[in-house]
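# Inside the fold
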Amino acid sequence: MTARLTLVLGGARSGKSAMAERLVTDLPGPWTYIATAQAFDAEMRQRIRQHQADRVPGWQTLEEPMDLAGALGSAAAAGPVLVDCLTLWLTNLMLAERDIPAERARLLALLPTLPAPVVLVGNEVGLGIVPENKLAREFRDHAGRLHQDIARIADRVLFMAAGLPLALKGEAP
Amino acid sequence: MTARLTLVLGGARSGKSAMAERLVTDLPGPWTYIATAQAFDAEMRQRIRQHQADRVPGWQTLEEPMDLAGALGSAAAAGPVLVDCLTLWLTNLMLAERDIPAERARLLALLPTLPAPVVLVGNEVGLGIVPENKLAREFRDHAGRLHQDIARIADRVLFMAAGLPLALKGEAP
Amino acid sequence: MTARLTLVLGGARSGKSAMAERLVTDLPGPWTYIATAQAFDAEMRQRIRQHQADRVPGWQTLEEPMDLAGALGSAAAAGPVLVDCLTLWLTNLMLAERDIPAERARLLALLPTLPAPVVLVGNEVGLGIVPENKLAREFRDHAGRLHQDIARIADRVLFMAAGLPLALKGEAP
């Protein structure tokens, strides 16, 4: 059975994006890739280009740093959707001083209603030493809470390490 | 079968405390909550108030930043006990320049003798980049060693991510 | 069946080295320990001495900070080998401004050809907040990519927490 909602968690370079792309491309297309990254500097532009080059052909790409619910609503009408990633979306919302609980509630209300399978990628950032920076601590709280809320309604939650999945919920692929 | 000693590990906002509370409230009460947090500033006071507000009614709360063994000894005479958390207890000991190996040994000797089930919460802090701060590195070492020593004698060790448990030892709840 | 290639991942003080040593000493000797650590300061010297003191007798120790492929090639002719750890090897290569992709390719080409079982230890460093330091971010990328590449060809990949193994690939010991 196809999972309607999958959350792929993991650290930096854990293979999250590759796993999420495989989960989506195992389904019939067309596939939409919602990229939440904003290129503020050369390093970020380079990371985005690298991610695009690594992707198999056949994806529609939608760049949407803020209005994730809006982008998901229109993309899921066409077919399976990959959101890469929740962490950058949260970062963008925090930098723009948006109302995070309101944006989170809007996303959580939308997700169960979408007509196509959705795979969300999130960075696990809470397993290091408590950051000295207050904004970083707030960010960890927002990210952890969002992951928990999504995990509660997801069919499948994977934790990636070294490119390999551990199933926290549902079946490992 | 009821686990006598459970260790719940996880990162920031991984759902550790909620899981630990559920494990204790699934048992017959009265339940004691040993809070090791010390409110040094407004942010910390806010986090403590939030944790208290999230808890179901029916808990006895014992605030004990240092003498964890003493608090456990008296609390476990009444019924199941939750310790939240080992990480702040270690922080408090380090700030007070206590003898960590001696305090650890005292706790480890006591745990197997307690008359009621105990659930201990610990923050996993060792999965980020090596901290530049020497005290933070020492703290990681103390925390990791304490978790290993407790995991060795525990019946159940859970690793939490996104609110979901992975069983490292014993059965997932 | 004996695993030919094992990767043991984990955070600081997660029990990685002890697990890796146990996996090697469960096999017939002689055993070689390839230490990639370089003692730049007193703290590091102390950590190295502690690791050596914790090890059971019967190990040959080879100190090799850079030429890991060379050391592996000669050590594996004698019997099972433990490499502790990949993370310090990468650090040494980066500090010496070596060509990381070339060194990685050399190691990956060698590993499947070795005549004896090999256990590699790696530090999981990508699960904290994104480091502000650019070198630290590059290091996380190199480490994550190396772990993924090795995990792909390994028979067994373990993720350690609190001294306990989660099997990401193959069987838990």
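The paragraphs below set out a description of the structure included in this document. (Residues numbered from 1 in each chain as written. Chains lettered and ligands numbered in written order. Predicted model: local features only at pLDDT ≥ 70, side-chain atom pairs only at ≥ 80, totals over all residues. Heavy atoms only, no water.)

## Details of the interface of chain B and chain A
- Counting residues at the interface gives 24 residues for chain B, matched by 21 residues for chain A.
- Carbon and sulfur atoms supply 62% of the area that chain B and chain A bury against each other, a total of about 1,800 Å² over both sides.
- If you sort the residues of chain B by the area they bury against chain A, Arg 13, Ala 162 and Leu 164 of chain B come out on top, with a joint share of 34%.
- If you look at where chain B meets chain A, you find 1 salt bridge.
- In this structure, the salt-bridge partner of Arg 13 of chain B is Asp 141 of chain A, at a minimum N-O distance of 3.9 Å.
- Seen at the junction of chain B and chain A, the total is 4 residue pairs in polar contact (both at pLDDT 80 or more).
- For the side of chain B that touches chain A, the secondary structure elements donating two or more residues are α2 (42-54), α6 (134-153), β6 (156-161) and β7 (164-169) of chain B.
- When residues of the side of chain B that touches chain A are assigned to their parent elements, the largest contribution, 3 residues, is made by α6 of chain B.
- The residue inventory of the side of chain B that touches chain A, partitioned by class, reads 11 nonpolar, 8 polar and 5 charged. (Contact = heavy atoms within 4.5 Å. Buried area = accessible area lost by both parts, 1.4 Å probe. Salt bridge = Lys/Arg side-chain N within 4 Å of Asp/Glu carboxyl O. Polar contact = N/O pair within 3.5 Å; in protein donor to acceptor, adjacent residues only side chain to side chain. Helix = DSSP H or I, 4+ residues; strand = E, 2+ residues; numbered from the N terminus. Nonpolar A, V, L, I, M, F, W, Y, C, P; charged D, E, K, R; others polar.)

## Brief notes about the relation of the copies chain A and chain C
- It takes a turn of 120 degrees to lay chain A on chain C, together with a shift of 0.0 Å along the axis; the resulting RMSD is 0.0 Å. Overall, the copies show the geometry of a three-fold rotation axis. No C-alpha of chain A approaches the rotation axis more nearly than that of Gly 128 of chain A, which lies at 2.4 Å. (Least-squares fit on C-alpha atoms with pLDDT ≥ 70 in both.)

## Overview of the sheet that holds β6 of chain B
Residues and elements named next belong to chain B.
- A sheet is described by the order of its strands in space; here 7 strands give the open sequence β3-β2-β4-β5-β1-β6-β7, paired in mixed fashion. Two strands lie at the open edges of the sheet, namely β3 (59-63) and β7, each paired on one side alone. This sheet shows a mean twist of 20 degrees between the axes of neighbouring strands, independent of strand direction.
- Pairing of strand β1 (residues 5-10) with strand β5 (residues 118-123), which is carried by 6 bridges, proceeds in the parallel orientation. Residue pairing for β5: Thr 6 is matched across the bridge by Val 119. (Pairing = 2+ DSSP bridges. Axes fitted to C-alpha atoms, helices over the stretch in contact; angles between N-to-C directions.)

Shape descriptors only; they carry no functional weight alone.
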